[in-house]
Amino acid sequence: MTDLVLVGLIFIFRVANYAIGTLRLVAVTRNQRILASVMAVFEALVFAVVIANVVTDLNNFANLASYCAGAAVGNYVGMALEARFVTGYATVNLITTQNGHEIALALRESGYGVTEIVGEGRSGTVVTLRAVVNKRAIADVVRQARAINPEVFITVEDARTVERGWMSVGRGGTRS
């Protein structure tokens, strides 16, 4: 096998190794044990093949550079695959002292399920709005809330498991 072919294969397999690893971590965080275990087998196999070809000659700069570049590109590819193909959900919390109900109405009009909670904050009455949305919709929810009240306090949390309830079909969710 020529040196150039080996360099290319190291790069390609390292990209695959990192991409699989990124997706495996998503499966682990979602408690998908069997999928995570199967992916771990392939991740370990690819790693073993690649590292065996790199450590045999640590003075070969092209192999080392290909290995490192493959890790960087694989990390990026894994994140892109996760963003594109793995449906993730987040809970968006919006806390405001003014225009809370108007924000809720606007978000509902756009197809989001929103729960309004009236509470007491340091400066008096506040409205907390909670919406579980597809992660791709976070920017839209934030944009709409800030258009109505630029001072709204916003936190976003990962929603590890989503069961039942109502989610907009148009935002990558399902109606249940």
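To be clear, the structure that these remarks concern was listed above.
Structure report, in brief. (Residues numbered from 1 in each chain as written. Predicted model: local features only at pLDDT ≥ 70, side-chain atom pairs only at ≥ 80, totals over all residues. Heavy atoms only, no water.)

### What about the sheet that holds strand β1 (residues 89–96)?
For step 1, the next point in the chain: The strand order across the open sheet built from four strands is β2-β3-β1-β4, with neighbouring strands paired in antiparallel fashion. Of all the strands in the sheet, just β2 (115–121) and β4 (153–159) have a single pairing partner and so form its edges. Going across the sheet, the axis of each strand differs from the next one's by a mean of 25°, ignoring polarity.
For step 2, the next point in the chain: Sheet topology places β1 next to β4; seven bridges connect them, and they run antiparallel. What sits directly across from Asn-93, in β4, is Thr-155.
For step 3, the next point in the chain: With respect to the sheet, helix α5 (residues 138–148) is in contact with β1, β3 (124–134) and β4, its orientation differing from that of β1 by roughly 10°. (Pairing = 2+ DSSP bridges. Helix = DSSP H or I, 4+ residues; strand = E, 2+ residues; numbered from the N terminus. Axes fitted to C-alpha atoms, helices over the stretch in contact; angles between N-to-C directions. Contact = heavy atoms within 4.5 Å.)

### A closer look at a nonpolar patch on the surface
For step 1, the next point in the chain: Taken together, the side chains of Ile-34, Val-38, Val-41, Phe-42, Leu-45 and Val-49 present a nonpolar region at the surface, about 590 Å² in accessible area.
For step 2, the next point in the chain: Relative to the helices and strands, Val-38 resides in helix α2 (residues 33–55).
For step 3, the next point in the chain: Look at Val-38 and you get partly exposed, because its relative accessible area is 41%. (Patch = residues over 30% accessible without salt bridge, like charges linked within 9 Å, V, L, I, M, F, W, Y side chains within 5 Å. Areas by Shrake-Rupley, 256 points an atom, 1.4 Å probe, with all protein chains shown as cover. Salt bridge = Lys/Arg side-chain N within 4 Å of Asp/Glu carboxyl O. Buried < 20%, exposed > 50% of the residue type's maximum accessible area, 1.4 Å probe, protein only.)

### Quick notes on the nonpolar core
For step 1, the next point in the chain: In terms of nonpolar packing, the biggest core is built from 19 residues, with Leu-94 and Val-133 touching the most fellow members.
For step 2, the next point in the chain: Going through the elements one at a time, β1, α4 (100–109), β3 and α5 are the ones with two or more residues in this core.
For step 3, the next point in the chain: In this structure, Leu-94 is in contact with Ile-103, Leu-107, Val-127, Thr-128, Leu-129, Val-141, Ala-145, Val-152, Phe-153 and Ile-154, ignoring residues within four places of it in sequence.
For step 4, the next point in the chain: Among the nonpolar cores identified, the runner-up in size contains six residues, and Leu-6, Val-50, Val-54 and Tyr-67 belong to it. (Core = buried A, V, L, I, M, F, W, Y, C linked by side-chain atoms within 4.5 Å.)

### Describing the pattern of salt bridges
Between side chains of opposite charge, pairing is possible as soon as their charged atoms come close.
For step 1, the next point in the chain: Counted by the stated rule, this structure contains four salt bridges.
For step 2, the next point in the chain: A salt bridge links Glu-43 to Arg-24; its shortest N-O distance comes to 2.4 Å. Residue Glu-43 is found in helix α2, and its partner Arg-24 is found in helix α1 (residues 3–29); the two are separated by 19 residues along the sequence.
For step 3, the next point in the chain: Assessed through its relative accessible area of 18%, Glu-43 is described here as buried.

### With respect to the packing of α4 against α5
For step 1, the next point in the chain: At their nearest, the axes of α4 and α5 sit 9 Å apart, and the two run at 140° to each other. Judged by the inter-axis angle, α4 sits oblique to α5. Taken as a pair, α4 and α5 cross one another with a handedness that is right-handed. For the pair α4 and α5, contact is made by Glu-102, Ile-103, Ala-106 and Leu-107 and by Val-141, Gln-144, Ala-145 and Ile-148, respectively. (Parallel < 35°, antiparallel > 145°, perpendicular 65-115°, else oblique. Left-handed = near helix turned anticlockwise from the far one by under 90°.)

### Quick word on α5
For step 1, the next point in the chain: Taken together, the buried positions of α5 are Ile-138, Asp-140, Val-141, Val-142, Gln-144 and Ala-145.
For step 2, the next point in the chain: Looking at the packing, one finds that the buried side of α5 touches β1, α4, β3 and β4.

### So, the side chain of Asp-140
For step 1, the next point in the chain: Position of Asp-140 among the secondary structure elements: in helix α5.
For step 2, the next point in the chain: In this structure the side chain of Asp-140 is engaged in a polar contact, spanning 2.6 Å, whose partner is the side chain of Tyr-112. (Polar contact = N/O pair within 3.5 Å; in protein donor to acceptor, adjacent residues only side chain to side chain.)

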